[in-house]
Amino acid sequence: MQIRQMAELQNIPIRYLEQLLATLRRGGIIKSIRGAKGGYVLAREPRTITLLDCLTCIEGLDAIAPVSHQNSQNAENQVIQEVWQEACQAANAVLQQHTLQDLCERRNNHRQKDLMYYI
């Protein structure tokens, strides 16, 4: 799909989308195709690309790893840090479970529910 089409369909500014796509291309999530009919396609099968792959590609490893404050010696900060770490691990587990294929299937299921049949 071409950038212009994606930007229009998703209502995303083209400049911002170009930056996202360049990051995803460098991360091996998508690849670009040159030429008049060129654009972007997934670099791998959608069932092999997890949401965690996409997040780490765009946001970096810092997005999935909780920040550890080793200097926080008081009990309150340690407890908060432990809970935050658990929350990050849970979120990462959910993102690791779901693939781009899963998202497409869910979208299709929602579209099926929205269909209205008239007699």
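Residues numbered from 1 in each chain as written. Predicted model: local features only at pLDDT ≥ 70, side-chain atom pairs only at ≥ 80, totals over all residues. Heavy atoms only, no water.

### Focus: the overall build of the protein
The cut-off we apply is this: For helices the rule is a DSSP run of H or I covering at least 4 residues; for strands it is a run of E covering at least 2, with both sets numbered from the N terminus onward. Computation of the radius of gyration draws on C-alpha atoms, with the globule rule given as 2.2 Å multiplied by the number of residues to the power 0.38. Burial classification: accessible surface area is computed with a 1.4 Å probe over protein chains only, and a residue below 20% of its type maximum counts as buried, one above 50% as exposed, and the rest as partly exposed. By the convention used here, residues are in contact when the closest approach between their heavy atoms is within 4.5 Å. Only the protein chains shown count as cover for residues, with accessible areas throughout obtained via the Shrake-Rupley method and a probe of 1.4 Å. In this charge count, Lys and Arg are treated as positive and Asp and Glu as negative; neither His nor the chain ends contribute. To locate a charge, take atom NZ for lysine, CZ for arginine, CG for aspartate or CD for glutamate.
The helix and strand tally for the protein stands at five helices and two strands. Each helix and strand of the protein, ordered N terminal to C terminal, gives the series α-α-β-β-α-α-α. Relative to the globule expectation of 14 Å for 119 residues, the C-alpha radius of gyration of the protein, 19 Å, shows a markedly less compact shape. Referenced to the eigenvectors of the C-alpha coordinate spread, the extents of the protein come out at roughly 60 × 45 × 25 Å. The buried share among the 119 residues of the protein stands at 21%. Excluding contacts between residues fewer than 6 apart, the proportion of contacts in the protein whose partners are at least 24 apart in sequence is 45%. Carbon and sulfur atoms provide 53% of the accessible area of the protein, an area that totals close to 9600 Å². Side-chain charges of the protein comprise 13 positive and 12 negative groups, with the mean position of each set lying 15 Å from the other.

### Some thoughts on the pattern of salt bridges
Where charged atoms from two side chains of opposite charge come close, those side chains can pair. Put simply, the rule reads: In what follows, salt bridge is the name for a side-chain nitrogen of Lys or Arg lying within 4 Å of a carboxyl oxygen of Asp or Glu.
Within the structure shown, the criterion is met by one salt bridge. Here Asp 53 and Arg 44 are joined by a salt bridge, their closest N and O atoms 3.3 Å apart.

### Details of the side chain of Thr 99
To keep it simple, the criterion reads: N or O atoms within 3.5 Å of each other form a polar contact, as long as, within protein, one can give a hydrogen and the other can take it, and as long as residues adjacent in sequence are counted only when both atoms are side-chain atoms.
Here Thr 99 shows up in the loop between helix H4 (75-97) and helix H5 (100-114). Taking relative accessible area as the criterion, Thr 99 reaches 10% and is therefore assigned buried. Only 3.3 Å separates the side chain of Thr 99 from the backbone nitrogen of Gln 101, close enough to count as a polar contact.

### What to know about the environment of Ala 43
Along the chain, Ala 43 turns up in the loop between strand E2 (39-42) and helix H3 (51-59). Separated by 19 residues in the primary sequence, Ala 43 and Leu 24 place their C-alpha atoms 9.6 Å from one another. Aside from chain neighbours lying at most four places away, what touches Ala 43 is Gly 28, Ile 29, Ile 30 and Lys 31.

### Brief notes about the domain arrangement of the protein
Selection rule: The split of the chain into domains comes from an automatic or database domain assignment. Two parts placed together each lose some accessible area; with a 1.4 Å probe, that loss summed over both constitutes the buried area. For this classification, the nonpolar set comprises Ala, Val, Leu, Ile, Met, Phe, Trp, Tyr, Cys and Pro, the charged set comprises Asp, Glu, Lys and Arg, and every other residue, Gly included, is treated as polar.
With domains assigned, the protein is organised as domain 1 (1-43) and domain 2 (47-118). Summarising the inter-unit geometry, the C-alpha centres of domain 1 and domain 2 are found 23 Å apart. Each partner contributes to the roughly 500 Å² buried at the junction of domain 1 and domain 2, and carbon and sulfur atoms together form 94% of this total. Sorting the residues of domain 1 by area buried against domain 2 places Thr 23, Leu 24 and Ile 29 first, and these three jointly supply 67% of that buried surface. Inspection of the domain 1/domain 2 interface yields zero salt bridges. Summed over the shared surface of domain 1 and domain 2, the number is zero residue pairs in polar contact (both at pLDDT 80 or more). Considering every element that reaches the side of domain 1 that touches domain 2, the biggest residue donor is helix H2 (residues 14-26), with three residues. For the side of domain 1 that touches domain 2, the per-class residue count stands at four nonpolar, two polar and no charged.

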